[in-house]
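Residue-level listing of the chains:
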Amino acid sequence: MSTELKLKELSKKEDLFTHGHRMCAGCGAPIIVKMVLLAAEHPVIAANATGCLEVSSCISEYTAWKIPWIHTAFENAAATISGVETMYRAYKKKGKMDKDVKFIAFGGDGGTYDIGFQSLSGAMERGHDMLYICYDNGAYMNTGIQRSSATPRGADTTTCPAGSVIPGKPQRRKDLTRIMAAHNIPYAAQAAPSHWLDLMKKVRKALSAGGPTFMNIISPCNRGWRSKTDDAIALSRLAVETCYWPLYEVENGETRLTFKPKTKKPLIEFLKPQGRFKHLFAPENEQRLKQLEADIDAEWQRLLKESAG
Amino acid sequence: MKGNEAAAEAAIHAGCRFYAGYPITPQNEIPEYMSWRMHEAGGVFIQAESELAAVNMVYGAAAAGARAMTSSSSPGISLKQEGISYLAGAELPAVIVNIQRGGPGLGNISGSQADYFQAVKGGGHGDYRMLVYAPNSVQELWGLTMLAFDKADIYRTPVMILADGILGQMMEPLYLTPYKRPKLPEKSWALTGCKGRPAGVIKSLYMGEGELEARNAVLQEKYKVLRKKEVRFESLDTEDAEVVVVAFGIAARLTISAQQRLRKEGFKVGLFRPVSLFPFPEKELSALADRVKRFITIELNAGQMVEDVRLSVCAKGAEVAFYGRPGGATVAPEEIYEKIREVCSAS
């Protein structure tokens, strides 16, 4: 049964990611998972790479998942769900199953951008009917805030600590959404929990695309971002409004911005409330800050151009 | 100093200037420490995109002649096995630190000793062995890490420090004993650019008729030498012992208080602690079994080293009891005391 994407309607739907998980207060990930599962119109089977989400949602005999859920090692969520989805198709072909089921893999940025990239790329190329969701908090938060290839330039982490020699991470972050779109899959998108309707619409599109799809969702982490516990949604919104995290989709090769701020807010509004960028505001790091702004602006300009075409 | 930091600083002291790692609890302090300390020391720190990448970065650095190290914890060490097998096959020196945690699978993050088999019996493919050292204190972790680099260079072999989450996370006073560099062989095999000398080849692929077997013979010869020359162990009160406890690493540390208590109560209990797990001190244990007929092995696993203890002493008619708890459990000295006492009173 299709539910209209309206708060009143959605509130009547059962939450499929529920109490009992032990994610930190103010974490973006459980909000995202809830939204994703609420948006799904069919039963969902999920695979989950090792990470905060997995560790905190299946402590001892407890689980916060009200769906069939399989945990796998850090690098394997896409491979594991590939196996489940293929078996499902085989069952269907043999007439052993008739239900329509959707398959989702969840991974953090470490398990998606880095160690799980190979299995993700393989799954996309093979063309499984699945949605891969990366909740991107920009570092290995579960193991103690080490840098990942999603960590933005200049951010302070425990393996690229900001000091007098190196002012945080020297490299630019990997543009994974674009890389996934380059797999020529039917649907790839970027979303943010602050823009829930946009996020849920994208989940529906992805799940009905009939092939491999990918969503990259920004997931504020107050522990790693060194921000206030109750700032997750505000920071997610600022990420979007400063164009740090543009909301867009690439559907069958066509890029479309799904949100275009009337006036682009200055990036520092997003950076300032986060301790991981604090050092960038020291006078000696002015250049670094400008470089980060240039990174973000270049990506935004490129998106404007691509979506205008 | 914390065990993990001690291992990292010991590597720096020993002249390690290349470290590649990847996050996994409970060893994160090693890459974190290296991330700033290597810069200070003029070395290289790389956070790889996976354990597989990290160990192969070490493979590359070692081939170029660097003192190179990587570290991880059990699930991550599993991912490094291919690289370790290649290091052994290509005869490259490197140090791998395993801060073990509970398994199998993702297990949990508390300390464990369940990777004994993986470390000493060859977790990767092929007929290879590597030196495996099991420290039982932060001080010993410090010393053995430095020693590991020397032995790796001398024998052109990967060396593993098999510690555990307890030791890695434990803080203890530590004497920063200086590193004394022994006379080491020249790394004439290192790939440093062959201008003015014949080109070198580093590989583990031998396709020619008889080549691979010959290569394996060379490796086996090396392992024979290791077995002869590199056995390390410690024994405590074994001279007059009627019961000998065999334990390595942190399990041995946990056993000391139980053993001392039993001594005070009049039980003649000794402790035999293998420090090198490969080579295993089989001759020494076997010699002990000429006189001692009752052994008990204590491990933080379901029973791994006990197989080697039995191989060493059972032929002499000795009996070997076992007490261990697998991944996820913490063993208290009181439990160990009870178990040893049972063996003592069983006569």
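Calculation criteria
- Residues numbered from 1 in each chain as written.
- Chains lettered and ligands numbered in written order.
- Predicted model: local features only at pLDDT ≥ 70, side-chain atom pairs only at ≥ 80, totals over all residues.
- Heavy atoms only, no water.
- Axes fitted to C-alpha atoms, helices over the stretch in contact; angles between N-to-C directions.
- Helix = DSSP H or I, 4+ residues; strand = E, 2+ residues; numbered from the N terminus.
- Parallel < 35°, antiparallel > 145°, perpendicular 65-115°, else oblique.
- Left-handed = near helix turned anticlockwise from the far one by under 90°.
- Contact = heavy atoms within 4.5 Å.
- Nonpolar A, V, L, I, M, F, W, Y, C, P; charged D, E, K, R; others polar.
- Salt bridge = Lys/Arg side-chain N within 4 Å of Asp/Glu carboxyl O.
- Buried < 20%, exposed > 50% of the residue type's maximum accessible area, 1.4 Å probe, protein only.
- Domains from an automatic or database assignment.
- Buried area = accessible area lost by both parts, 1.4 Å probe.
- Phe/Tyr/Trp six-rings, centres within 6.5 Å; stacked < 30°, edge-to-face > 60°.

All names here are of chain A. Between helix H2 (residues 29-39) and helix H8 (residues 196-207), the least distance of the axes is 8 Å, while the angle of their chain directions is 50°. Comparing their axes, H8 and H2 come out oblique. Where H2 crosses over H8, the handedness of that crossing is right-handed. Every residue of H8 that contacts H2 at Met35, Val36, Leu38 and Ala39 is listed here: Trp196, Leu199, Met200, Val203 and Arg204. Class assignment of the residues belonging to the contact of H2 with H8 gives a composition of 8 nonpolar, no polar and 1 charged.

Another aspect to go through is the pattern of salt bridges. Taken as a whole and judged by the stated rule, the model has 39 salt bridges over all chains. When the shortest N-O distance is used, the salt bridge between A:Asp175 and A:Arg302 registers 3.2 Å. Residue A:Asp175 is located in the loop between strand S4 (131-136) and helix H7 (176-181), and its partner A:Arg302 is located in helix H12 (residues 286-308); the two are separated by 127 residues in the primary sequence. Taken as a pair, A:Asp175 and A:Arg302 share a single burial class, namely buried. A salt bridge links B:Arg253 to B:Glu172; the shortest N-O distance between them is 2.4 Å. Of this pair, B:Arg253 sits in helix H9 (residues 249-264) while B:Glu172 sits in the loop between helix H7 (165-169) and helix H8 (211-229); the two residues are 81 residues apart in sequence, bridging distant segments of the chain. Judged by its relative accessible area of 14%, B:Glu172 falls in the buried class. Residues joined by salt bridges that share partners form a network here, namely A:Asp175, A:Arg178, A:Arg302 and A:Glu306.

Turning our eyes to something else, we now look at H2(A). In an α-helix there are 3.6 residues to a turn, and that puts residues three or four apart on one side. Counted residue by residue, H2(A) has 9 buried out of 11 residues, so it is predominantly covered. Along H2(A), the residues classified as buried are A:Ala29, A:Pro30, A:Ile32, A:Val33, A:Met35, A:Val36, A:Leu37, A:Leu38 and A:Ala39.

A separate point is the domain arrangement of chain B. Residue and element names in this part refer to chain B. Taken domain by domain, chain B comprises domain 1 (3-184 + 202-229) and domain 2 (234-345). A C-alpha centroid distance of 27 Å is found between domain 1 and domain 2. Contacts between the two partners involve 32 residues from domain 1 and, on the opposite side, 23 residues from domain 2. Between domain 1 and domain 2 lies a buried interface of about 2,400 Å² when both sides are counted; carbon and sulfur atoms form 56% of it. Counting every contact that joins domain 1 to domain 2 gives 3 salt bridges. Ionic pairing is found between aspartate 308 and lysine 121, a salt bridge with its closest N-O pair at 2.7 Å. When grouped by side-chain class, the residues that make up the side of domain 1 that touches domain 2 number 17 nonpolar, 8 polar and 7 charged.

Residue and element names in this part refer to chain A. A complete count under the given rule lists 17 aromatic pairs over all chains for this structure. Look at tyrosine 132 and phenylalanine 214: their rings are 6.1 Å apart centre to centre, the planes differ by 20°, and that puts the pair in the stacked class. Of this pair, tyrosine 132 sits in strand S4 while phenylalanine 214 sits in strand S6 (residues 213-218); the two residues are 82 residues apart in sequence, bridging distant segments of the chain. For the pair formed by tyrosine 132 and phenylalanine 214, the shared burial category is buried.

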